[in-house]
Amino acid sequence: MSTKDSGTIRQMEHLIEENFGLWFVNTRAELRSKKLWKYTQGEYESEDSAVTTATTSTDTETSPPITKKQEKAMKDWEEKSQEAADLMTPTISPGIQQKLTEAEFNDGYLMLTRLQTILQPTGSSEFMRLSKEYYTLQFKAFKTVPEYLTHIKVLEEKIDATKVTLDTNNRTILCLSISLPREYQYLIQIWAVTPSITAEKARQMVLEASRQHNQALHSQDSARFFKAGFQGKGKEKEPCNHCGSTGHLSEKCWTEYPQLAPDWYKEMMKDQAKHKGR
């Protein structure tokens, strides 16, 4: 949607389930430019304090009659609130519009409150996802500086909206989520759906995953070394000048250069030597 304002046209992106933060920033700017923002932040309250008069212990409290000034102020507020709702409505996708009531279409405050309720993500998993994106943001990923700065602002507002506090557990898991390599991504997915995960448990899971990963590499090295007819790439396809096997470069041959061999291979060769000596 495009709206004209003081000779300029501001583009307003349609609201869908995935872009509430960006839509909110743009919509707020548009409403502020038209002096309508305050009508989405609360219901009408009279500037004159309500006065109640107590007569006797058996009488009920009564409010003074509404003055013409107050009546006009209420009417003006309702009109401005509806104007704010009318401005937001064309920027909302049909799928989201179906979730709104008639009253919400006529009241900017009710409309925005409802949209925040159904679209603004909350919870630890959302906090972690947004924080990871926030702290790994790359300037080069954006075409312009304003786009870059706007995205930062949107992320900050989304993070605040989750209402999650960065305690010790969250801080540790956030650090792990940002810094762990790709082979540990399945752990991050587990943590995202386990709100009760603690920092200590997360560390234990990383240690166990590391142990399993090293065992897998060990097995792969063993299979690669002993598998007959193993085909390497490039020079690894050629027989080694030292042992005649394929699958490794001559300058990395464990037979010629035993100091390059992993510990498991050295132990295996010792065991073989013992058996030969018997």
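Residues numbered from 1 in each chain as written. Predicted model: local features only at pLDDT ≥ 70, side-chain atom pairs only at ≥ 80, totals over all residues. Heavy atoms only, no water.

- As annotated in an unreviewed UniProt entry, the chain carries the name CCHC-type domain-containing protein and is attributed to Letharia lupina.

Quick word on the overall build of the chain
Stage number 1. Scanning the chain from terminus to terminus reveals 11 helices and two strands.
Stage number 2. In the chain, the order of α-helices and β-strands from amino to carboxyl end is β-β-α-α-α-α-α-α-α-α-α-α-α.
Stage number 3. Classification of the 278 residues of the chain by burial places 29% in the buried group.
Stage number 4. Long-range pairs, those at least 24 residues apart, make up 52% of the contacts in the chain between residues at least 6 apart in sequence. (Helix = DSSP H or I, 4+ residues; strand = E, 2+ residues; numbered from the N terminus. Buried < 20%, exposed > 50% of the residue type's maximum accessible area, 1.4 Å probe, protein only. Contact = heavy atoms within 4.5 Å.)

Comments concerning the nonpolar core
Stage number 1. Within the largest apolar cluster, 21 residues are counted, with the highest numbers of intra-cluster contacts made by L15, F20, W23, L31, I92, M111 and L115.
Stage number 2. Contributions of two or more residues to this core are made by α1 (20-33), α2 (68-88) and α5 (108-119).
Stage number 3. Among the elements that make up this core, the one with the highest residue count is α2 (five residues).
Stage number 4. Every residue in contact with L15, bar those within four places of it in the chain, is listed here: F20, W23, T91, I92, S93, I96, L115 and L119.
Stage number 5. With 19 residues, the next largest nonpolar core counts L174, L176, L180 and I197 among its residues. (Core = buried A, V, L, I, M, F, W, Y, C linked by side-chain atoms within 4.5 Å.)

Quick word on helix α8 (residues 168-179)
Stage number 1. Between its terminal C-alpha atoms α8 stretches 17 Å, which fits the 16 Å expected from 12 residues at 1.5 Å a residue.
Stage number 2. Burial in α8 covers these residues: N170, T172, I173, L174, L176 and S177.
Stage number 3. Two or three places before N169, at the opening of α8, D167 has a side-chain oxygen 3.3 Å from that residue's backbone nitrogen. (Expected span 1.5 Å × (residues − 1). Polar contact = N/O pair within 3.5 Å; in protein donor to acceptor, adjacent residues only side chain to side chain.)

A few points about the environment of H151
Stage number 1. Examined against the element boundaries, H151 turns out to sit in helix α7 (residues 145-161).
Stage number 2. The spacing of H151 and V25 is 126 residues in sequence and 9.9 Å in space, taken between C-alpha atoms.
Stage number 3. Setting aside residues up to four positions removed in sequence, H151 forms contacts with E133, L137 and F142.

Details of unusual backbone geometry
Stage number 1. Even without being a glycine, K35 presents a positive backbone phi close to 60°.
Stage number 2. Relative accessible area serves as the criterion here: at 69%, K35 is assigned to the exposed category.

Quick look at the packing of aromatic side chains
Stage number 1. For the coordinates displayed, the defined rule picks out seven aromatic pairs.
Stage number 2. Between F20 and F24, the aromatic rings sit 5.8 Å apart at their centres with planes inclined by 35°, giving tilted as the arrangement. Highlighted residues: F20 and F24, both in helix α1, separated by four residues, approximately one helical turn. Both residues of the pair, F20 and F24, belong to the buried class.
Stage number 3. Considering the side-chain rings of Y39 and W77, the 4.7 Å spacing of their centres and the 70° angle between planes classify their relative orientation as edge-to-face. Of this pair, Y39 sits in the loop between α1 and α2 while W77 sits in helix α2, placing them 38 residues apart in sequence.
Stage number 4. Of the residues examined, W77 reaches a relative accessible area of 19% and is grouped as buried.
Stage number 5. Joined through ring pairs, the aromatic side chains of F20, W23, F24 and W37 make up one cluster. (Phe/Tyr/Trp six-rings, centres within 6.5 Å; stacked < 30°, edge-to-face > 60°.)

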